[in-house]
Amino acid sequence: MRKAWYLLQTSGKTERVGKIMEEKSEINGHAGHKSPLPAVSMKSEKKSFKDRLMVFLKRNLLVILTVSGVLVGVGLGMMVRNMNLTRAQMTYFAFPGEMLLRMLKMIILPLVVCSLISGAASLDTRSLGKLGGIAVSYFLVTTLIASSIGVALAFIIKPGVGAGALNTNNLGLEDVSSNKETADSFLDLARNLFPSNLVAAAFRSYVTDYKMILVGNGTNGTLNNQKVPYGTDADGMNILGLVLFAMVFGVALRKLGTEGEELIRFFNAFNEATMVLVSWIMWYVPFGIMFLVGSKIVEMEDVVLLVTSLGKYIFASILGHIIHGGFVLPLIYFGFTRKNPFSFLSGLITPFTTAFATCSSSATLPTMMKCVEENNGVDKRISRFILPIGATVNMDGAAIFQCVAAVFIAQLNNVDLNAGQIFTILVTATASSVGAAGIPAGGIITIAIILEAIGLPTHDLSLMLAVDWIVDRTTTVVNVEGDALGAGILHHINEQEMKKQQQHQEEQELQEVKVEVVANVKAEEETSPLVTHQNQGESSSRETLSEKDGVESVL
């Protein structure tokens, strides 16, 4: 009887499960006997191909327009170059491109502050610390690898050997010098982390300058000039200080609990509204890029002389960017995620084109954030936390060309670098790239820090500035590629952690269910009416048998 009752229960459950599965399959349209498949004709195949083509064009329209804008801009610049425009006419020609840069820079401040506050507030302190540690380690390791590639290529290609006669006067360039001490450069970095005025940090940053004062005893005639540092303000957003403040402020709002929820919702809404503005600006990008590229080609003066004089330096820098961006970074991404990195990068053609045209990783941040979230499915909390930090801290492309430039200037001045100086170049390039401004030609100041650290003259910096408009394009593309792949790696690590937590929760729930099932079975055995009826029947049959035996024995 117990077995029969158990079989009845299990059969009833399987029938119910079977009915539920049939209903689900009917709802999803997979029930074979109730939803017969229509015959597929050639017309439907043709329609589906057209539909797929239209979907592809609709999805990639912005990418196609952006790439077309670059190509049309090159052709337009070549045509207008032969018209011998005046300086004023060149300014008018570059106006649409200038408007694109102004719009992108306008959106940087609200995007960085609001995205970091909402990102830091949406993550708990433990996961924030873990993700932050992984991100900083990734940025430091990739920048150190990039610096090593730059130094190695500079020693292999030797761009400065044989170019000893090349100097600033040959090319008609203005002299660019920097007398800033290396220690003051790093102290300025620390000072900018904690701005004294947050409002001023939105458009100014702290810079150390020097003045000469007379020190000594005037009666004895022992007066000496001493260089004394003092602080000044330079034009340009202090993005490093704003990033640190936004992160700490987001963590503080998270700690407030229910009291901080209203302010967190405000910043989330502000962030979403900013992303809507970004989506509108992105449709102006192809038109603006066309005139940015065209105006840059028109402004070029003697390109042949620059390329023949500094061709090896340009080749070494761009080759380093190709190696790092085409092989090293994708291999790191594949090592962490076991996914195809180039399918990930294929969704980021628009920000790469924007980076190539604007030469600014900060200006590329809005388009990068939108494409990473929409095309590659990266979690908003991850992208809005890591990408603003990466645009400020992670400068792989800049580290490559700065190391190549440092070795180039050493070879230009016939200085043999020893192992200590090479190590100093690697460490200084890795550390100083953290504070490099995410603007066009922002890395030239960082080269001055490296040259001061190894004791080389800085009067040849104008050579770097002359060809910086060429090298800076691939530099910015590699910078933003490293940020995007870092966001993809963190997204994958976060997904793995969430899967582990879900599996652990499911295992605990299964164990609880097993315990409940065992308890229910025991209770059914004790209290089931069929079982008690069966027990009573067995006892009554035993009594009748014993009575029969007694009667037989009496007889």
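Before reading on, note that the structure itself is shown above.
Residues numbered from 1 in each chain as written. Predicted model: local features only at pLDDT ≥ 70, side-chain atom pairs only at ≥ 80, totals over all residues. Heavy atoms only, no water.

A. Structural detail: the packing of aromatic side chains. This model, assessed by the stated rule, comprises 10 aromatic pairs. Between the aromatic rings of Phe93 and Phe291, the centroid separation amounts to 5.6 Å while the plane-to-plane angle is 65 degrees, which identifies the pairing as edge-to-face. Within this pair, whereas Phe93 is found in helix H4 (residues 87-93), its partner Phe291 is found in helix H11 (residues 285-299), the two being separated by 198 residues in sequence. Look at Phe93 and you get buried, because its relative accessible area is 14%. The class of Phe291 is buried, set by a relative accessible area of 14%. Consider the rings of Tyr138 and Phe139, whose centres lie 5.7 Å apart with planes at 55 degrees: the pair is tilted. Since its relative accessible area comes to 4%, Phe139 is described here as buried. In this structure an aromatic cluster arises from ring pairing among Phe245, Phe249, Phe266, Phe267 and Phe270. Here the guanidinium or amino end of Arg473 rests over the ring plane of Phe356, the centre of that ring lying 5.9 Å away. (Phe/Tyr/Trp six-rings, centres within 6.5 Å; stacked < 30°, edge-to-face > 60°. Helix = DSSP H or I, 4+ residues; strand = E, 2+ residues; numbered from the N terminus. Buried < 20%, exposed > 50% of the residue type's maximum accessible area, 1.4 Å probe, protein only. Lys NZ or Arg CZ within 6 Å of the ring centre and 35° of its normal.)

B. Region of interest: the pattern of salt bridges. Overall, the coordinates contain nine salt bridges when judged by the stated rule. Note that Lys370 is salt-bridged to Glu374, the shortest N-O span being 2.6 Å. Of this pair, Lys370 and Glu374 both sit in helix H15 (residues 361-376), four residues apart, which is roughly one turn of the helix. With a relative accessible area of 14%, Lys370 lands in the buried category. In this structure Glu374 comes out as exposed when scored by relative accessible area, which is 53%. With a shortest N-O distance of 2.9 Å, Glu373 and Arg384 are connected by a salt bridge. Separated by 11 residues along the polypeptide, Glu373 in helix H15 and Arg384 in helix H16 (residues 380-393) bring together distant segments of the chain. Among the residues examined, Glu373 registers a relative accessible area of 12% and is labelled buried. The buried category is assigned to Arg384, whose relative accessible area is 6%. (Salt bridge = Lys/Arg side-chain N within 4 Å of Asp/Glu carboxyl O.)

As far as function goes, none of this settles anything; it's purely spatial.
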